[in-house]
Amino acid sequence: MTVSVEHREEQANRWNSSTHRTSAVALYVYDAADVELTITEILRLSHLAYSSADGFVLEQHGDLLRPGTTRLRLEVGVYHFKCVNDVQLRIDQSDAVQVVTPQTAPADLRVPLPGRRP
């Protein structure tokens, strides 16, 4: 599955974020999956972690992502990044990952527990 987060006119099966300066993207990973990101800017990929002391907190996942194509192995959990420019995501196991942006998020979206699908 290939997903685009674009800052241009809306196209079929693509998200339009032209009314926003940045786009927030969440990746809900239900089973370990390989994800390929093609970007034109430096991005920070964060993992939403839970601790009994602090509750949910964002932790940086790996190094900063540099422009170009990067292949990542994501374990079960919720990941997040913000972008100013277009981003292409290629997901090998499309049933293992749900991509959510403000434009596509259902009103009742909840943070899933690891291994559980919404």
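Draft legend 1. Broad picture of the overall build of the chain. Within the chain one finds zero helices and ten strands. Across the 118 residues of the chain, 36% fall into the buried class. Sequence separation of 24 or more characterises 73% of the internal contacts of the chain that already satisfy a separation of 6 or more. When the accessible area of the chain is evaluated, it comes to approximately 7,000 Å², of which 48% is carbon and sulfur surface.

Draft legend 2. Inspection of the side chain of S46 at higher detail. With respect to the helices, strands and loops of the structure, S46 is situated in strand β5 (residues 46-51). Look at S46 and you get buried, because its relative accessible area is 4%. Residues contacting S46, with those up to four places away along its chain left out, are L58, E59, Q60, H61, V78, Y79 and H80.

Draft legend 3. A look at the confidence of the model for the chain. Looking at the chain as a whole, the pLDDT averages 77, with 70% of positions reaching at least 70. Of all helices and strands in the chain, the one with the weakest mean pLDDT is strand β2 (residues 15-16) (44), whereas strand β7 (residues 68-74) scores best (94). Here residues 7-20 scores under 50 on pLDDT; set against residues more than four positions off or in separate chains, the count is 32 contacts.

Draft legend 4. Here's a closer look at the nonpolar core. One finds L27, L37, L74, F81, V87 and V97 to be the most contacted residues of the largest nonpolar core, which totals 21 residues. Those elements giving two or more residues to this core turn out to be β3 (23-29), β4 (33-39), β7, β8 (77-83), β9 (87-91) and β10 (97-100). No other element matches β4, which puts four residues into this core. Beyond its immediate sequence surroundings of up to four residues, L27 is in contact with L74, G77, V78, Y79, L89, V97, Q98 and V99.

Draft legend 5. Spatial organisation of the side chain of D34. Looking at where D34 falls in the secondary structure, it is placed in strand β4. Other than its neighbours up to four places away in sequence, D34 contacts R71, L72, R73, R90, I91, D92 and Q93.

Draft legend 6. Quick look at the pattern of salt bridges. Counted by the stated rule, this structure contains four salt bridges. Note that D34 is salt-bridged to R73, the shortest N-O span being 3.3 Å. Here the residue D34 occupies a position in strand β4, and R73 occupies one in strand β7, the gap between them amounting to 39 residues. Across the pair D92 and R90 runs a salt bridge, and its minimum N-O distance is 3.1 Å.

Draft legend 7. Representation of the sheet that holds strand β6 (residues 55-60) within the structure. Read from one edge of the open sheet, five strands run β6-β5-β8-β3-β10, paired in antiparallel fashion. The open sheet has two edge strands, β6 and β10, and neither has a second partner. Sheet twist, expressed as the mean angle between neighbouring strand axes with direction ignored, is 30°.

Draft legend 8. Just the environment of E36, in detail. As for its placement among the helices and strands, E36 is situated in strand β4. Spatially, the C-alpha atom of E36 lies 4.9 Å from that of R90, the residues being 54 residues apart in sequence. Ignoring anything within four residues of it in the chain, the contact list for E36 reads T69, T70, R71, Q88, L89 and R90.

About the thresholds
Throughout this document, residue positions are counted from 1 along each chain, in the order its sequence is written. Under the rules for a predicted model, residues below a pLDDT of 70 receive no local features and side-chain atom pairs below 80 are neither given nor counted, while totals for whole chains, interfaces and linings still include all residues. Side-chain numbers here rest on the full set of heavy atoms in the structure, without hydrogens or water. Put simply, DSSP H or I for four residues or longer makes a helix, DSSP E for two residues or longer makes a strand, and each gets a number counted from the N terminus. Relative accessibility decides the category of a residue: with a 1.4 Å probe and only protein chains considered, values under 20% of the type maximum give buried, values over 50% give exposed, and everything between is partly exposed. In what follows, residue pairs with any heavy atoms lying within 4.5 Å of each other are defined as contacts. Accessible areas in this description were obtained via Shrake-Rupley with a 1.4 Å probe; residue shielding takes into account the shown protein chains only. Confidence scores here are pLDDT values: one per residue, from the predictor, ranging 0 to 100. Here, the term nonpolar core denotes a set of buried Ala, Val, Leu, Ile, Met, Phe, Trp, Tyr and Cys residues that are joined through side-chain atoms within 4.5 Å. The salt bridge definition used is simple: a Lys or Arg side-chain nitrogen within 4 Å of an Asp or Glu carboxyl oxygen. For two strands to count as paired, DSSP must find a minimum of two bridges between them. Axis definition: a line fitted to C-alpha atoms, limited for helices to the stretch in contact. Angles are taken between N-to-C directions and run from 0 to 180 degrees.

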